[in-house]
Each structure stands twice: as structure tokens, then as C-alpha cells.
Amino acid sequence: MYVPIPKDIPLPQPASLFFLRILVVVTFIVHIAFVLLMVGGSLFALVYEVAGLRRPEYERLSKEIGKTVTVTKSLAVVLGVGILLIMNTLYTVYFYTANALTGTAWIMIIALVIAAFLLSYAHEYSWDLLADRKGLHIALAAGAVGLFLFIPLIFLANINLMLYPDQWDKVHGFLSTLVLPNVLPRYLHFLAATVAVTAFFLAWYFGLERFPVDGALPGFTRPQLRRHFFAIALGATAAQLLFGPLLYLTLPAQTISWGMTAVIGTGALLAVGVLGLLWMESRAPDERVGNRFWSVAGLLFLTVTFMAAGRHMVRENAIRPHRALVEAKTMAYMKKVAADQDFLIIPGGLGGAPEPPGESVFKKVCAACHAGRSRLVGPPITLIQAAYKNNPQGIVAWAKSPYKKLKGYPPMPPQHLPEDQLKAVADFLLTAQALNM
Amino acid sequence: MDFPIFHLDFFGDRMLVAFIAILHVLINHAMAVGALPLVTSLEWWGWRKGDENWDRLVYKLVIVFFIVTTSVGALTGVGIWFSTSLVNPYAIGSLIRIFFWVWFAEWVVFVVEVSLLLVYVLLWKRWTGDRKPRHIRTGFFLSVASFCTLVPIVSILSYIMDPGLWRFDHSLFYAFFSPVYMPQLLFRFCMAMILAGALSLFLVRVFTKSDHDLRTRVVRFISLWILAWAPPFAFASLWYYDVVPKLMIKNLPVALATVEFQNLYSSILKFIVLSLVALAAASLWGAWKPSRVPRWTWAALIVLVVILTGQFERAREFIRKPYMLGGYMYASGIRVSDYPLLMTQGILPNSEYVSSHKVTPDNHLQAGKDIFMVACSRCHTLNGLNNMPARLRGLYGNKPWNAKAIDTYISTIHGARPFMPPFPGTARERRVLAEFLASLQTKRYNAEGAQTVGVPSGRE
């Protein structure tokens, strides 16, 4: 089977690999956290707005959740720049290859996110304006949510494709990368995480002393809201018990190692702890709801950290053998490049036997368009000799400012070479030797 | 050579980058770097005067800037990276390895800027009364952060214009201490202030349909703002104007290019003078008779400053050619140091994603097309912008195109056209490229990028 082995960019990494790998995991966690809150927040806002058609208190809830998206989406983008930067330098060959192979979809991310953001703003600032046209208002939210749910698929396809160099010559565009094993389970895993993390965040947000539940959300009590979102987080986390193993089992064999299994397994055990605490929270009496919040937060943070580390190990396992080949090939190539430096043959560069100045200028500047006896772009030298016999100064004057166009020929650009070079080339043009050019 | 070749054969790859980058620069300069200090000053003035209508008007401006910068502005910034990594992965990949920590610092500033922006905009209506000073202070720090986003990125832009002696010792010193760094930074900063002023005046007209008294006062304030920034803007433009040709002479000692450059460059001076006269006239008019100035004045001012900026960007592009990274990498993405090897051993055997790794008697046209894709397609297309058939028609007209003549032309192309890189391959490869190009007179080919057709499968 053919596996492409491209060469890497032969410049050193900006920091030690160990440090960059820590950085890639940390920046991924901060980015993905806000992506989850952005996608999840929009999704919840949409669902509650639809529910609000029957029960107005849900519409107010939707409005409050929508406000958080204004913040989380801007942070999701700006925090994404960090991980993008590190992916660029650490996985140059893999990342750029996947980007190019899904190029159309990849660049469309920009337009799609802009569209999603503008729809979100239109929705956010038109609650009063479209109060009587609920359908349209909901359609704005639905449009944004649709885009928010689609865009992660493009990222996923890239992040997945970069791991499998043996697939690079088999894909033809973005859609074909979606059918690679593991894409769908990763997406389901992402969706469940979106709901779980957002619900957990909202349980915190509506629990804030500063948040005026009584004023802003009549029809709900604070403990009731918090139990509601703890319960949703519980359900979504429970779904991960299904999606997690599905994801693990569909991983290609080369990505799995005992170390990675141990890390993911620890994450999964911690998630079971999260489940237990969430279950208790979702059933806690009014005065006690939220007491275990920070325990859940701590456990959840650890879970996410272990999962992100495991995810990084999957990537390293997949790439490691191929990267060794890429490094060897890059080194061998750079050795050949270095060996050939002594043999500089760039036209007009150093080295080679010295040529008479006229001939060398002719070859460098004029030969592109003029030849001895045949027409290239400009007239042949035979014609030039006929026109300027014994008149090299005439050629110099012409070359400096070609004032008219010869019929049937494209115009010649003025040649502002030093006087002595122009003179030398003019003399050369009138020799018999020039006719052999 | 070693990344799958993304290619837009109609739109042109460079156009994709240019479109996204120009949009980003204009939004970033006008609506963030320049707008944030302006609205903070406006807010402060309104607070001092205790004018609530004034404050409400400024808030409307802020909301417009907020919506545009956090959607189109932010995403086109990311888009510059996305598009450059598709179009020229060698160049952006090398730049990122070189400037990683500069960009990392830039990222940290971005995070601070966006966080402060969210606080500033979303708490505008809550931090009132006693807390107004705190809000204005936030605006001040936000303005500083926004200026700080220019500081690292201009160093990278300066490096691209003039890498100094970087290729000998790989030191970042040359980016920040480039002679073009300070003038460029100052030019962009002052330009941002003026653009923000003109744009705000335009918006103020829209938002003050009924309140003519308020309009008069705000227009006067912003006109004075523009007037105040005009002298530093004049100074910065002339300084920048003065420095750029010096780089040009240092980097490209090709006399031919100098003349073409001078033609382009003399038009910039005209635009500098024209913009400054227009600026002074419009802002004096606005300060003196605020209610009389028609709306198109500000639109015209915006257009003028945008054109001036565009001229400088063109000059920046011009002096860079034929290099992408001066003295290190050509516009094709091929490193200068790779030339000796590629010219002796060939492009094809050293490229991963080509359909054949050597020229054989029966693959001339396919090999020629592969060479075109590797060596030419970053700037040229077959059927769209800057396409080869049009170029060749310009040289050879409608007479039969002769492969041998084209071959000779390519062999000295960097002499005849100093903005073109020299041909990087062997004489044989040059010959099949010429044959392929000659065949374009009668044949049409699709040049589809890896994003649609993928990469060739297998090596022979």
C-alpha cells in the first residue's frame, strides 16, 4: 500500500516538543470549553424558545441563555487562535495536508461562522422587533444552531484525517473524509459533551447570587432551575457511557496503546463519579441543591483533562511511526540540498566560466525575447543588425525608451540597465556570434 | 512540492488571500484600533457634560463596531491563517516557526482585548452613575490593548518587507528593528484613527435623524478628532513613503524593476497629498459648520484613505517579489537554497504529490502540467485570473506558439521579468513545461486542486 511521505519544513520548532505538547492540550481544553458553551447555549436557547410558544416562562429562560452566547462565542473564537497556532507549528505536515484535502469546506468555515454569528446577533437584538413574528425569530435561532452543529464536523474531519496518512491519497474532498471510521462516533461524543457541559454551566450560572432569578425568570425558582440543569447534565453524561466506548472501539488499531487506554479509562472512572454526584444534585432538596457543585466541577475538570490527554495520545500514537519517516526523509533531503550548495548554478548567480559582459547581459536580460535568426517574442537579431548596422548607440537609445511598437510585435519594456552594460550588449548584438544565440 | 496543492483555477489563489486580508485590515483598523479610543473619548466627553442623549448615541456606535468586529472582523483574522495555509503552506509554515512567540504574544493580547471589549460593551448600561468612571477606564485599557495588537503583527509585516540579515543568523531582531517598523506602525495607527472618525461621522448621520442639535455637537467633536490626527498622519505617511524605496533598492538591485516601481510609487505621493488636503478641508468644514456637511463627504474621505492604504499595500507586495520571504523563499514557495538541487535533479523526483516522478517520452504533457502546478500555480491559473493562455497570447499573439521559444524565455525569465522567480527545475523539465504551455494554444485543461480531486495515488 502506498503511503505518502512528505518532507517537513526544515526550520526548528520554536520550543521543546514536550512543552509544545503540554501547550497543545491546555489550549485545546480552553478552546473547546467555550465552543461547547457556544454551541450548547444556542441549542438550549432555541429549544426553550420553542417551548416558550406554549409557556411564556420558557421564552424568558431562552432569552437569558442567549445572552451567555454573546460572550461565549467571542471567547471561543479568540481562544481558538492559540490552538490553531500550535497545531500549525507542531503538526505542520499533518494539519496542512488535511486542510488542503478538505480545502473548500475548510475555508468555508470562515464564511459559515460569520453567518452563524450574524444570525445570532440578529436573533439576540430582535426580541422586541419580532415579538409578533415568532416564526421568523425562531428561524433565525434555528439557522444559527444548524450552522453551529455543522461547523464542528469540518473541524472533526480535518483533525481525524490528519491522523491517517494511508488515507490521504484515497479521499476526494470533504464529504469523502466524513465516511472514514471514527468520524461519526467522535461527533456523537462531541454532541453529548456539548449538552452536558452547557447544562452544568447553566446550573452554575443560574445559581449565582448575582443572578436575579425572581426578577428575570418569574415562574421558576432558583433550586428548581438548578435541579433541572443538573438533571440534563446527568442525562448527557450518561449518554457518554454509550458514545465513549463506541468511540474507543472504532479507533483504528494503530492509535491504541496501553498508556492511552489507562488515561482514557481513568477519565471514564472519574466520569462515573461525576454521574453519581449529578444524580444526587438532580434530586437534592431546595436548601441543599448545588452544595456539591464544586466537587462536580473539580471531577469534571479532571475528566476533561484526562480525556484531552488521551485524545492527544491517540494522535501521537497514530502519527509517531509516520513522523519518523518524514523526519528521516527531510534530513536526507536537506543533506542533499547542503551538498549541492557548492554547486551554485542559478543563472546569473556565482560560478561558471566568466563570459564577455555583452554576451552575459544578453543571456540574462534579452535572450528571453530575442534569438539570432528566429522570432521569439521580439524580432530576431538579424532584423536588429539590419536596422542598426554600425550604430550600437541607436540600440542603446532604443533599449532605454522603446518609443514605438513594431507592427505585429508586443511592446518591449524599457531596459534601465547601467550605461556600460547597455553599450556592451549593443556591441555584442552587432557581432556575427550573436546570430548563433 | 510536499503539501497537496490547493488551487482555485478561476478566482486565483492569491485573490482568496487578498480578499480576506483586506477585509480584515479595514475592519480591524477602522472599527477596533481607531474606533475604540474614539468612542472612549466620546463617552468621556458626554459624561463630563452630563449629556445622556450623547451617551446613548455613542452606545449605538459601539454596538455597530462590536457586532462587526466580533463577527466579520474576528473571523477574517482567522481566515488569513486558513487561506494562507491553503495557498502557500511553505511560507506561512516557515513564518510560524520563525515568529511563533511573537504570534503567541499577539494571541495573549487578543484574549485580553476581546475580554475587555465584552466587559466594555455588555456592561455599558449597568456601569452608570458612580461606576461610569470605571467604565471609561475600561475603555481606556481596551484602547491600549487594541493598539498592542498592532505591535507584534507589524513586526512580521516588516520582516516580510525586509528580513535584514535574518537568513544568516535567524534572529528576530531584524523584524522589530527593521527601518520600516516604526513608520509602518505609526502610519497604520494614525490611519486607523482617521478612518474611525470618518466612519463614525457617517454613522452619526444615520443615527441622528431627528436630533439636529446633538448631531451638530457630535459632528464637531469628531471633526476636531480627525483634524488632530491629520498632522501625525501626514508625518507618518511621508516617513513610510520615504523608507519603502530604500528597502526596494536594498532588496532588489534590478534597475528594470526600479523604474516600474517609481511609476507606481509616484502615484502614492499624489494620494498622500490629496488625502491630506481632503482631510483638512473636510474636518475644518465639519468643525466650523457641522450641520452643513453632506454625508457623502465622509464616505469620500473613507474611500480616499482606503485607496491610499491600498497603494501602500501594493508597494509592499511589489518590493517583496520575486520573493515570499526575502532572500529565503520565492513566491512559488520554493526555497532559494533548494535551487541547486532541484536544477540538477529535478522538481518531479523531489515532489511528493505529482502523477509521475520523472519525464518519460510519453508523459510530456502530464509532466508539464505537474510542473506548472508545483512551480507556477501559486500565482498563475490556466483558466482564470492571471491565466497562462492570456500571458502567452500577450507574448506570441495568434501565431503558433513555439515550445522552443517558450523554453528559452523561461530560462531567463527572471532577467526579463525581475518580479518572476527563476525556473527551479532541470532543462528537461523546463522543456516539457514549455511544451505543455505551447499546447495551451489549442487545448484546454482543468487545473483542479487537491480539495476536489485529491492527490495522485501511488508512486511508480
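Residues numbered from 1 in each chain as written. Chains lettered and ligands numbered in written order. Predicted model: local features only at pLDDT ≥ 70, side-chain atom pairs only at ≥ 80, totals over all residues. Heavy atoms only, no water.

S.K.: Describe the overall build of chain B, and please don't skip the residues or the numbers.
M.R.: Helix and strand content of chain B: 19 helices and 2 strands. Referenced to the eigenvectors of the C-alpha coordinate spread, the extents of chain B come out at roughly 85 × 40 × 40 Å. Buried residues in chain B amount to 62% of all 460 residues. If you take every contact in chain B between residues at least 6 apart in sequence, the share linking residues at least 24 apart comes to 77%. As presented, chain B carries roughly 18000 Å² of accessible surface, and 66% of it is formed by carbon and sulfur atoms. Charged side chains of chain B number 44 positive and 27 negative; the gap between the two group centres comes to 8 Å. (Helix = DSSP H or I, 4+ residues; strand = E, 2+ residues; numbered from the N terminus. Buried < 20%, exposed > 50% of the residue type's maximum accessible area, 1.4 Å probe, protein only. Contact = heavy atoms within 4.5 Å. Areas by Shrake-Rupley, 256 points an atom, 1.4 Å probe, with all protein chains shown as cover. Lys, Arg positive; Asp, Glu negative; His and termini not counted. Charge placed at Lys NZ, Arg CZ, Asp CG, Glu CD.)

S.K.: Explain the packing of helix α9 (residues 222-249) of chain A against helix α10 (residues 258-282) of chain A to me, and be specific about the residues and the numbers.
M.R.: To describe two helices that pack against each other, one gives the angle between their axes and the distance between the axes. Residues and elements named next belong to chain A. Running from N to C, α9 and α10 cross one another at 155 degrees; their axes reach a closest spacing of 9 Å. Judged by the angle between their axes, α9 and α10 are roughly antiparallel. For α9 against α10, the interelement crossing comes out left-handed. Along its contact with α9, which presents R227, F230, A231, A233, L234, T237, A238, L241 and Y248, the element α10 presents M260, T261, A271, L275, L278, W279, E281 and S282. For the contact of α9 with α10, a count of residues per class yields 12 nonpolar, 3 polar and 2 charged. (Axes fitted to C-alpha atoms, helices over the stretch in contact; angles between N-to-C directions. Parallel < 35°, antiparallel > 145°, perpendicular 65-115°, else oblique. Left-handed = near helix turned anticlockwise from the far one by under 90°. Nonpolar A, V, L, I, M, F, W, Y, C, P; charged D, E, K, R; others polar.)

S.K.: Talk me through a positive patch on the surface; I want residue IDs and the actual numbers.
M.R.: Taken together, the side chains of R210(A), R126(B), R131(B), R134(B) and R137(B) make up a positively charged region of the molecular surface. Looking at where R137(B) falls in the secondary structure, it is placed in helix α5 (residues 132-148). Residue R137(B) is classed as partly exposed on the basis of its relative accessible area, which comes to 48%. (Patch = residues over 30% accessible without salt bridge, like charges linked within 9 Å, V, L, I, M, F, W, Y side chains within 5 Å. Salt bridge = Lys/Arg side-chain N within 4 Å of Asp/Glu carboxyl O.)

S.K.: Now, about α9(A): what can you tell me, with residues and values included?
M.R.: Residue and element names in this part refer to chain A. Helix length check: α9, at 28 residues, gives a terminal C-alpha distance of 41 Å against a target of 40 Å (1.5 Å per residue), a fit within 8%. If you look at α9, its biggest bend is around 30 degrees, right at L241, and the proline P245 turns up within four residues after that. In this structure, the buried residues of α9 make contact with α1 (17-51), α2 (56-90), α7 (183-205), α8 (213-216), α10 and α11 (293-340). (Expected span 1.5 Å × (residues − 1). Bend = angle between axes of the 7 residues up to and from the residue.)

S.K.: For the interface of chain B and chain A, give the residues involved together with the corresponding values.
M.R.: Note on interface size: it is often stated as the accessible area lost on association of the parts. The partner chain A presents 84 residues to the 85 residues of chain B that form the contact. Taking both partners together, chain B and chain A bury about 7300 Å²; carbon and sulfur atoms supply 71% of that area. It is F82(B), R97(B) and W107(B) in chain B that bury the most area against chain A; as a group they hold 12% of the surface buried on that side. Taken together, chain B and chain A are joined by 3 salt bridges. Taking the shortest distance from any N to any O, the salt bridge between E352(B) and K329(A) comes out at 2.8 Å. Across the chain B-chain A interface, the total number found is 17 residue pairs in polar contact (both at pLDDT 80 or more). For the side of chain B that touches chain A, the element with the most residues is helix α4 (residues 89-122) of chain B, which contributes 19 residues. (Buried area = accessible area lost by both parts, 1.4 Å probe. Polar contact = N/O pair within 3.5 Å; in protein donor to acceptor, adjacent residues only side chain to side chain.)

S.K.: Hey, could you go over the packing of α7(A) against α11(A) for me, with residue numbers and the actual values?
M.R.: Residues and elements named next belong to chain A. Across the interface, α7 lies against α11 with an axial gap of 12 Å and an inter-helix angle of 155 degrees. By the criterion of interaxial angle, the relationship of α7 to α11 is roughly antiparallel. The two elements α7 and α11 cross, and the hand of that crossing is left-handed. Every residue of α11 that contacts α7 at R186, F200 and W204 is listed here: F293, W294, V296, A297, L300 and R311. Tallied by class, residues from the contact of α7 with α11 come to 7 nonpolar, no polar and 2 charged.

S.K.: Run through unusual backbone geometry, naming residues and quoting values.
M.R.: A negative phi angle is the norm for most residues apart from glycine, just as the trans form is the norm for most peptide bonds. Cis geometry is adopted by the peptide bond preceding P322(B), which originates at K321(B) and carries an omega value of 5 degrees. Looking at the secondary structure, you find P322(B) in the loop between α12 (295-320) and β1 (323-325). Although it is not a glycine, N182(A) adopts a positive phi angle of roughly 90 degrees. Inspection of the secondary structure puts N182(A) in the loop between α6 (174-178) and α7. Positive phi values are uncommon outside glycine, yet N386(B) reaches one of about 55 degrees.

S.K.: Explain the confidence of the model for chain A to me, and be specific about the residues and the numbers.
M.R.: All names here are of chain A. Per-chain confidence: chain A averages 90 in pLDDT, with 96% of residues scoring 70 or above. Mean pLDDT across the secondary structure elements of chain A bottoms out at helix α12 (residues 357-366), with 81, and peaks at helix α4 (residues 103-124), with 97. The low-confidence segment residues 345-353 (pLDDT under 50) makes 12 contacts with residues lying over four places distant or belonging to another chain. (pLDDT = per-residue confidence, 0-100.)

S.K.: Quick one: what's the story with the environment of P349(B), residue by residue and with numbers?
M.R.: Residue and element names in this part refer to chain B. Relative to the helices and strands, P349 resides in the loop between α13 (339-345) and α14 (364-375). Using a relative accessible area of 38% as the deciding quantity, one classes P349 as partly exposed. As for P349 and V359, which are separated by 10 residues in sequence, their C-alpha atoms are 9.4 Å apart.

S.K.: Lay out the packing of aromatic side chains with the relevant residues and their values.
M.R.: In this description, an aromatic ring pair is defined by two values, namely the gap between the centres and the angle between the planes. Residue and element names in this part refer to chain A. One pass over the full model with this rule turns up 49 aromatic pairs over all chains. Ring geometry for F201 versus Y205: centroids 5.9 Å apart, planes at 15 degrees, classification stacked. Pair noted here: F201 and Y205 are both in helix α7, with a separation of 4 residues, about one helical turn. One aromatic cluster is present, formed by F44, Y48, Y58, F201, W204, Y205, F206, F211, F220 and F229 through successive ring pairs. (Phe/Tyr/Trp six-rings, centres within 6.5 Å; stacked < 30°, edge-to-face > 60°.)

S.K.: Which residues make up the pattern of salt bridges, and what values go with them?
M.R.: Per the stated rule, a full pass over the model turns up 22 salt bridges over all chains. Between E316(A) and R323(A) there is a salt bridge, with its nearest N and O atoms 2.5 Å apart. Relative accessible area serves as the criterion here: at 6%, E316(A) is assigned to the buried category. Looking at R323(A), the relative accessible area reads 15%, which means it is buried. Where R217(B) meets D213(B), a salt bridge forms, and the shortest distance between an N and an O atom there is 3.2 Å. Placement of both R217(B) and D213(B) in helix α10 (residues 212-251) is noted, with a separation of 4 residues, approximately one turn of the helix. On the basis of relative accessible area, R217(B) is assigned to the partly exposed category, the value being 34%. D213(B) sits in the partly exposed class, given a relative accessible area of 49%.

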